[in-house]
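# Analysis of the macromolecular model
Here is how the chains run, residue by residue.
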Amino acid sequence: MEAFSTHTGIVATLNRSNVDTDQIIPKQFLKSIKRTGYGPNAFFDWRYTEDGSPDGDFELNAPRFAGRSILAVRNNFGCGSSREHAVWALLQDGYRVIVAPWKEINGERVPGFADIFRNNATRNGLLTVELSEKEVEHIFTEVTRNQGQTATVDLPSQQMTLLGPDPVVFEFDIDKGSKERLLEGLDDIALTLRHEADITRFESEHDPMMTVRR
Amino acid sequence: MGKTLFQKIWERHVVRELSDGSSLLYIDRHLVHEVTSPQAFEGLRLSGRNIRRPELTFATMDHNVPTTEDRMNIEDPVSRAQVEALRRNCEEFGVTLFDLEDSRQGIVHMIGPELGLTLPGTTIVCGDSHTSTHGAFGALAFGIGTSEVEHVLVTQSLGQRKPLTYKVEFSGRPGPGVFSKDFALKLIGTIGTAGGTGHVLEYGGEAIAALSMEARMSICNMSIEAGARAGMIAPDDTTYAYIASKDRPYAPAGEQLEKAIAFWKTLPSDDDATFDRALTIDAGRIAPQVTWGNNPGMVVDIDQPIPAPDQTAFYSRADVENALAYMGLAPGTFLTDVTVDVVFIGSCTNGRIEDLRLAAKVLKGRKKADHVQLLVVPGSQRVREQAEAEGLHDIFRAAGGEWRYAGCSMCLGMNPDQLKPRQRCASTSNRNFEGRQGKGGRTHLVSPQMAAAAAVEGKFVDIRKWLDR
Ligand code: SF4
């Protein structure tokens, strides 16, 4: 996978919460047995009209978002189906960073991204940045106000900076494992295979079947 | 301090701790289907790696398969290519495949339990979010992405951060006409579609203990719709009886089963175990549920109106307005006044024999409304066989319904079973996302009985009123 260290690009906004992976890449594109070719079909049902032309009502089709690579959305992005195709589609459509707010509901902190989506993103070099609702609101406001609003997302320092005359810096959290993996673009399987002796030892003591084949 | 069911299984499967604070977890069962696996097998070829434990890996085809008589002939060339790729991959890498003509074929989450692959205390993964279904047996089961599928194929293990635990207790007994599907929808309506994110849910309480395995699977199935990757229920006599019953070729039997049961009895959460979160829902106060929007948390009691945009707990005005515009509905409407065009009974949520029996009970001696298309799709070939042995298919046909072969079918319409734009469907599946059942289609999630009643009436019904008749 491609490593992620720091990235600067135009920020686009999508004012929807609970964007599920069925929306990010609809079912008809899951029939492919390849890992490529998903980019033009990201958000397909929202993005195109019946005749296949871009739908002017869809926010991300706005000309001012041309060339965007950072996407700010609302809470619980990537929920639903585990399809990794959603992450492939976003990357291949030019996104490197997705920003979503965590949310407080009934006194509990609800994460900005769905679990499986986040795992899939990390394993492919797509960075998920979680900020507070207030911070994401701020991004929405600035993006609405400023044509071509850009930002720099710096993983080593865990900072996202909205660029401009008065730059605004947001700090974000990320777990150590995901950070290392993204920074180095590591092959997970190769990493785990370093522990192969442990797996073999574990297997010698563990009966995964608990069964007899009849 | 005591341990939870989750902790006990987790600890038994840690191969080693990793330097980043996550754990390398051993995987006992890896289930595979045609949609999320081809890129993983391709990865193996590209890297020259092999499957570590092919005998712990089981595959079937379910998403793309037609459910009509001539289902062996997949007309769509792209679907066919995907199914053929799975055949080739299983052949080449030595994976057991339950292929289309196999009497054990079915939706991946149906056949695991049926064949005895799903057992208490095991870890189960599949490149499919509804892997949470298997948690009904007291297994730790969760969905993974395709990169993780490849990882498990090669290493039979997976690096995971330890999730938090969430105890969801259903106290009391549900009233007539209320089923585990309603429990699941009520829970999601209560905590929201992200309320369980980062957590493993453990369901318990009197109302859960009273459920059959089929009903337990329905509720664990929808854990993912509450944001949780896994849902679990402690194994008990109901679980053991299910495993011991019928022909479950991969389950232990005889002396081995007795030994296994002795072990399984140690799994339930200890009395003094603590959870990171807990919630109790009074099952006696749950009404039949029906969704009105574009995610499963947009749900109401059948006798309540669709809420106004500023009356929902979790959704912004824009969210609700978008959803209602898509669904062609207005706030204040009662769903009992809303007509349906299609009724879909099936999926890994409600495609089991008990679901079909419940639907048949409602449909017996009745006819579907003329304008309604009624589709009954058993979740597996075994369920289909059993239903036919019980004569349920005759009831469905006499009611004007179509009796199909096993597959995911209209749950997501990767095969030809799809809604047309603006068609409204009462569906027993698990996701009412935009376009899920077909582009522009409008999905309302309900229980099997509610779906069957909607087929007869041509609009949504409060099933409780029917039961009084
Ligand atoms: S029935 Fe629906 S939810 Fe279940 S595995 Fe198939 S597509 Fe997924």
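Note that the structure is predicted; figures quoted are calculated from it, not measured.

## Topic: the confidence of the model for chain B
- The predicted model of chain B averages 96 in pLDDT, with 100% of residues at 70 or higher.
- Predicted complex metrics record ipTM = 0.93 and pTM = 0.96.

## With respect to the nonpolar core
- Formed by 110 residues in total, the largest nonpolar core has its most connected members in A:Phe43 and A:Phe77.
- With 7 residues, helix 16 (residues 448-457) of chain B is the single largest residue contributor to this core.
- Leave out the neighbours within four places in its chain, and A:Phe77 touches A:Val19, A:Ile24, A:Phe43, A:Leu71, A:Leu90, A:Ile98, A:Ala100, A:Gly112, A:Phe113, A:Ala114 and A:Phe117.
- Residues B:Ile51, B:Val95, B:Val178 and B:Ile219 belong to the second largest nonpolar core, which totals 78 residues.

## Examining the site of the ligand
- B:His63, B:Ile107, B:His109, B:Asp128, B:His130, B:Ser347, B:Cys348, B:Cys408, B:Cys411, B:Leu412, B:Asn430 and B:Arg436 make up every residue found near the ligand.
- Of the residues assigned to the shell around the ligand, the class counts are 5 nonpolar, 5 polar and 2 charged.

## Re the sheet that holds strand 2 (residues 70-72) of chain A
All names here are of chain A.
- Taken together, the 7 strands give an open sheet; going across it, the order is 6-3-2-1-7-8-9, and neighbouring strands pair in mixed fashion. Unpaired on one side and paired on the other, strand 6 (127-131) and strand 9 (168-171) mark the two borders of the sheet. Neighbour-to-neighbour, the strand axes of this sheet turn through a mean angle of 25 degrees, independent of strand direction.
- Bridge count between strand 7 (residues 150-154) and strand 8 (residues 159-162): 4 bridges; the pairing is antiparallel. When the sheet's bridge partners are listed, Thr152 is paired in strand 8 with Thr161.

## Regarding the interface of chain A and chain B
- Contacts between the two partners involve 70 residues from chain A, matched on the other side by 85 residues from chain B.
- The junction of chain A with chain B conceals about 6400 Å² of combined surface from both sides, 51% of it contributed by carbon and sulfur atoms.
- Linking chain A with chain B are 13 salt bridges.
- The closest approach of N and O atoms between B:Arg277 and A:Glu108, which form a salt bridge, is 3.1 Å.
- At the boundary of chain A and chain B, one finds 40 residue pairs in polar contact (both at pLDDT 80 or more).
- In terms of residues, the side of chain A that touches chain B owes the most to one element, helix 8 (residues 196-205) of chain A, which gives 6 residues.
- Along the lines of polarity and charge, the residues of the side of chain A that touches chain B split into 22 nonpolar, 22 polar and 26 charged.

Parameters and conventions
Residues numbered from 1 in each chain as written. Chains lettered and ligands numbered in written order. Predicted model: local features only at pLDDT ≥ 70, side-chain atom pairs only at ≥ 80, totals over all residues. Heavy atoms only, no water. pLDDT = per-residue confidence, 0-100. Core = buried A, V, L, I, M, F, W, Y, C linked by side-chain atoms within 4.5 Å. Buried < 20%, exposed > 50% of the residue type's maximum accessible area, 1.4 Å probe, protein only. Helix = DSSP H or I, 4+ residues; strand = E, 2+ residues; numbered from the N terminus. Contact = heavy atoms within 4.5 Å. Near = heavy atom within 4 Å. Nonpolar A, V, L, I, M, F, W, Y, C, P; charged D, E, K, R; others polar. Pairing = 2+ DSSP bridges. Axes fitted to C-alpha atoms, helices over the stretch in contact; angles between N-to-C directions. Buried area = accessible area lost by both parts, 1.4 Å probe. Salt bridge = Lys/Arg side-chain N within 4 Å of Asp/Glu carboxyl O. Polar contact = N/O pair within 3.5 Å; in protein donor to acceptor, adjacent residues only side chain to side chain.

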